[in-house]
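Spelled out, the chains give:
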Amino acid sequence: MTPNTSRTRHLLSLRDLSRRELAALLKRARGLKAGSNRGREFPLAGKTLGMIFRKHSTRTRVSFEVGMFHLGGHAIVLPAAETHLGRGEHSESVADTARVLSRYVDGIMIRTFDHAEPEALARHGSVPVINGLTDLLHPCQLLADLLTVQEAFGAGFSGLRVAWVGDGNNVANSWIEAASILGFELSLAVPRGYAPDARILQEAEATAAAVQLLEDPVGAVEGAHVVCTDTWASMGEEEDLGARVRVFERFQVTEALMAQAEPEAIFLHCLPAHRGQEVADEVIDGPRSRVLDEAENRLHVQKALLIELLA
Ligand code: CP
Ligand code: NVA
């Protein structure tokens, strides 16, 4: 994970993990889920995580808070609007916030819009910073998604084909980073004008990752073992939903689209979902859907991450 000058480790992006570190973290998460941490249940006793939220959350907030509790630590929820970060032009700087919080807490998780904010917290603070979603990336989601994929297809990822259908958003960007690190094939079907981040695509290309960008959902899903989608309008884009619904109409994950995937293919969605928009009810509520395991796995992977960063 990215070391800063004080060698503090962070998870701002999945790229902060080497392939080996990512494999070890997922292995630790599998152990935690199986309950094989008996005898060392409270590695974070006396430790505190501060959690800054500039956006809504159900899973991220609850899984981090429960995770800290399970590990013997404590979590403080900090809605930005109720701190001095949320006072408009009178706001305290992110740099000072980082310096001050570092005197109280052992780690900071932040969910925000601008990816520069967690980067600034990491630069100016002295404790580990975890990206709990920015407009650019959602690395904790990918840790859970990768664990869910391992549960279906084994730990190796070799020969695996993943399809992303819909918006080229923060979760899609993190899937591209995961494909670069782990070497599986990733095909993204995204409408023109909604492509993933250009720099992240270029970085994937530079690592010779098997990442393919298409505009045809059928082409992306053919032969896939994993089919993923997400909302057509991420947090902060809701006003644009009307226009997006028209653009994204043929990108809905339906039973007919799933029929193009491998017979054993699973369906993933980070949630919250919008049935009848990005996914049909029959798919998300059907036998191939792993969305609730995926949501549960947020807890297990984040506990593994918290032990890695804070213990
Ligand atoms: N998937 C996810 O991050 O969910 P929340 O927005 O509820 O945290
Ligand atoms: N892409 C979605 C993910 C929500 C967990 C968003 O950013 O709103």
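To be clear, the structure that these remarks concern was listed above.
What counts, and where the lines are drawn
Residues numbered from 1 in each chain as written. Chains lettered and ligands numbered in written order. Predicted model: local features only at pLDDT ≥ 70, side-chain atom pairs only at ≥ 80, totals over all residues. Heavy atoms only, no water. Helix = DSSP H or I, 4+ residues; strand = E, 2+ residues; numbered from the N terminus. Buried < 20%, exposed > 50% of the residue type's maximum accessible area, 1.4 Å probe, protein only. Contact = heavy atoms within 4.5 Å. Areas by Shrake-Rupley, 256 points an atom, 1.4 Å probe, with all protein chains shown as cover. Lys, Arg positive; Asp, Glu negative; His and termini not counted. Charge placed at Lys NZ, Arg CZ, Asp CG, Glu CD. Near = heavy atom within 4 Å. Polar contact = N/O pair within 3.5 Å; in protein donor to acceptor, adjacent residues only side chain to side chain. Expected span 1.5 Å × (residues − 1). Nonpolar A, V, L, I, M, F, W, Y, C, P; charged D, E, K, R; others polar. Salt bridge = Lys/Arg side-chain N within 4 Å of Asp/Glu carboxyl O. Phe/Tyr/Trp six-rings, centres within 6.5 Å; stacked < 30°, edge-to-face > 60°. Lys NZ or Arg CZ within 6 Å of the ring centre and 35° of its normal.

Visitor: Would you mind showing me how to read the overall build of the protein chain here?
Guide: Scanning the protein chain from terminus to terminus reveals twelve helices and nine strands. For the protein chain, the spread of C-alpha atoms along the principal axes amounts to about 55 × 50 × 35 Å. Buried residues in the protein chain amount to 53% of all 311 residues. Expressed as a percentage of contacts within the protein chain between residues at least 6 apart in sequence, the contacts between residues at least 24 apart total 74%. Accessible surface, the protein chain as shown: approximately 13600 Å² in total, 50% of it carbon and sulfur. In the protein chain, 32 side chains carry a positive charge and 41 a negative one; their mean positions are 8 Å apart.

Visitor: Would you take a moment to explain the site of ligand 2 for this structure?
Guide: Ligand 2 sits among Leu133, Asn169, Asn170, Asp230, Thr231, Ser234, Met235, Cys270 and Leu271. Contact distances for ligand 2 include 2.6 Å between a nitrogen atom and a side-chain N or O atom of Asp230. The backbone of Met235 places a nitrogen or oxygen atom 2.8 Å from an oxygen atom of ligand 2. Expressed as a share of its isolated accessible area of 270 Å², the protein-covered part of ligand 2 is 95%.

Visitor: I keep staring at the environment of Leu146 and nothing clicks. Help me out?
Guide: Inspection of the secondary structure assignment puts Leu146 in helix α5 (residues 139–153). Taking relative accessible area as the criterion, Leu146 reaches 0% and is therefore assigned buried. Spatially, the C-alpha atoms of Leu146 and Val218 are 23 Å apart, while their sequence positions differ by 72 residues. The residues touching Leu146, leaving out its near neighbours within four places in the chain, are Leu22, Leu26, Phe157, Trp175, Ala178, Leu182 and Phe184.

Visitor: I tried to follow helix α6 (residues 170–182) on my own but got confused; where do I start?
Guide: Three- or four-residue spacings in an α-helix give side chains the same orientation, since the helix completes a turn every 3.6 residues. Taking 1.5 Å per residue as the helical rise, α6 with its 13 residues ought to reach 18 Å, and the 18 Å between its terminal C-alpha atoms agrees with that figure. Burial analysis of α6 places 13 of its 13 residues in the buried class, which makes it a mostly covered element. Sitting at the amino-terminal end of α6 is Asn169, which places a side-chain oxygen 3.0 Å from the backbone nitrogen of Val171. With its phi angle positive at about 85°, Gly183 sits one or two positions after the end of α6.

Visitor: What exactly am I supposed to notice about the site of ligand 1 here?
Guide: As a matter of local geometry, ligand 1 sits amid Ser57, Thr58, Arg59, Thr60, Arg111, His138, Gln141, Cys270, Leu271 and Arg298. The contact in question runs from an oxygen atom of ligand 1 to an N or O atom on the side chain of Ser57, over 2.7 Å. A distance of 2.9 Å separates a nitrogen atom of ligand 1 from a polar backbone atom of Leu271. Here ligand 1, which alone exposes 260 Å², has 96% of that area covered by the protein. Split into classes, the residues belonging to the shell around ligand 1 amount to two nonpolar, five polar and three charged.

Visitor: I'm lost on the environment of Glu215 in this one. Help?
Guide: Assignment of secondary structure puts Glu215 in the loop between β7 (211–214) and α8 (217–221). Since its relative accessible area comes to 35%, Glu215 is described here as partly exposed. Distance from Glu215 to Pro191, taken between C-alpha atoms, is 5.5 Å for residues 24 residues apart in sequence. A polar atom in the side chain of Glu215 sits 3.0 Å from the side chain of Arg192.

Visitor: What is the right way to look at the side chain of Asp145 in this model?
Guide: Note on placement: Asp145 falls in helix α5. Arg298 is the oppositely charged side chain nearest to the buried, salt-bridge-free Asp145, at an N-O distance of 7.1 Å. Excluding anything up to four places from it in sequence, Asp145 contacts Trp175, Leu268 and Glu294.

Visitor: Sorry if this is basic, but what is going on with the packing of aromatic side chains here?
Guide: Summed over the entire model, instances satisfying the criterion amount to five aromatic pairs. Seen in terms of ring centroids, Trp232 and Phe248 are 5.7 Å apart; in terms of plane orientation they differ by 20°. Their pairing is stacked. Of this pair, Trp232 sits in the loop between β8 (226–229) and α9 (241–248) while Phe248 sits in helix α9, placing them 16 residues apart in sequence. Taking relative accessible area as the criterion, Trp232 reaches 2% and is therefore assigned buried. By relative accessible area, Phe248 is classed as buried at 0%. Summarising the aromatic geometry, the rings of Phe248 and Phe251 are spaced 6.3 Å apart at their centres and angled 70° between planes, so their arrangement reads as edge-to-face. Given a relative accessible area of 1%, Phe251 falls into the buried group. Each residue in the set Tyr194, Trp232, Phe248 and Phe251 is aromatic and connected to the rest through ring pairs, giving one cluster. Just above the ring of Phe113 sits the side chain of Lys55; from NZ or CZ to the centre is 4.6 Å.

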